[in-house]
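One letter stands for each residue in the lines below.
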Amino acid sequence: MEKKSDFRCVECSFPIKSLYIQYSPGNIRLMKCGNCKKVADEYIECEVMIILIDLILHKPKAYRHLFYNMFTRDILDFECLMWKLLLGFLMLDSYRIWVLNVNDSESISLMSFAAVLRFSGKVLIDVVLGNFLFMSVVLIGSAKFLMNTSVGVLECKDTVLTMLVSSYFKIFLIAMMVWEFPSSMIIMIDMFVLSSNTVALKVIANSATIRCFGVCFAAHAVKFFVSEWLRKLHLS
Ligand SMILES: [Zn+2]
């Protein structure tokens, strides 16, 4: 993600100019990595379902394929993609906070209009403040502890985009809108998002798993405590 046109070897993250040579339509030869001598990206020939399964299995090479090789900036409008992902992410997170808070409140259908407005405002503050602090902790943590640089030098947009994409498991919250699930299901989704964020950060920062986990855990913890603090404030 750092270099706009360079691809990466999915095994060792070494930059590579091209991933394959095309002789004729459907006849390609995959390139080997100059560093580890393995096929640079075998996912080129794989079905999307295989990539999806490997992403769910948290294989770093699947994340490298997704972040560096699957799309190029010439094809995708990254700025537009980021805003769309951010909107989707915030909407799913609003639903998550709404489910977690609605248990404390009386049923929405019994609330007065003013109470519904107050409740919606609280969810909005929780989402905006919680995610702002979440991203701030990720950016500062990545710069200080993973890349030894300053936040100004860090490719902030790439890091934010990485966190948004690797939170793909939040999409299962849509299933919760359709079918009835216990709200404890949200904790399982959060755990999965935390581990997925860790692998994604490890891939882009090229740092030790434990450090990446530390940064992601701190960011999720800050978000959790902000949410709890706002909930107590609302109840008192
Ligand atoms: Zn390699």
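I will try to describe carefully the structure that is included in this document.

Rules and cut-offs
- For every chain, the first residue of the written sequence is number 1, and numbering continues from 1 along that sequence.
- The model is predicted, so local features are restricted to residues of pLDDT at least 70 and side-chain atom pairs to those at 80 or more, both for listing and for counting; the totals for chains, interfaces and linings are taken over all residues.
- In computing side-chain properties, one takes all heavy atoms of the structure into account and sets aside hydrogens as well as water.
- In this scheme Phe, Tyr and Trp rings, the latter by its six-membered ring, pair at centre separations within 6.5 Å, and the angle between planes marks the pair as stacked below 30 degrees, edge-to-face above 60, and tilted otherwise.
- Runs of E in the DSSP output that reach at least two residues are strands. Runs of H or I that reach at least four are helices, and both are numbered from the N terminus.
- We call a residue buried when its accessible area falls under 20% of the maximum for its residue type, exposed when it is over 50%, and partly exposed in between, using a 1.4 Å probe and counting protein chains only.
- The rule for a charge over a ring is simple: NZ of Lys or CZ of Arg within 6 Å of the ring centre, and within 35 degrees of the ring normal.
- By the convention used here, strands pair only if DSSP detects at least 2 bridges between them.

Examining the packing of aromatic side chains
Scanning the model with the defined rule gives 8 aromatic pairs in all. Plain terms: the ring middles of Tyr168 and Phe192 are 6.4 Å apart, the flat faces sit at 80° to each other, and that makes the pair edge-to-face. On the criterion of sequence distance, the pair formed by Tyr168 in the loop between α5 (156-165) and α6 (173-178) and Phe192 in helix α7 (residues 184-205) is long-range, its members being 24 residues apart. In this structure Tyr168 comes out as partly exposed when scored by relative accessible area, which is 24%. Arranged with centres 5.4 Å apart and planes meeting at 70°, the rings of Phe224 and Phe225 form a pair that is edge-to-face. Relative accessible area serves as the criterion here: at 47%, Phe224 is assigned to the partly exposed category. The aromatic ring of Phe89 is capped on one face by Lys170, whose charged end is 5.1 Å from the ring centroid.

Considering the pairing of strand β3 (residues 20-24)
Strand direction decides the pairing type here: β3 and strand β4 (residues 27-30), joined by 4 bridges, are antiparallel. Its bridge partner lying in β4, Ser24 is registered against Asn27. Connecting the antiparallel pair β3 and β4 is a turn made up of 2 residues, with Gly26 showing a positive phi of about 85°.

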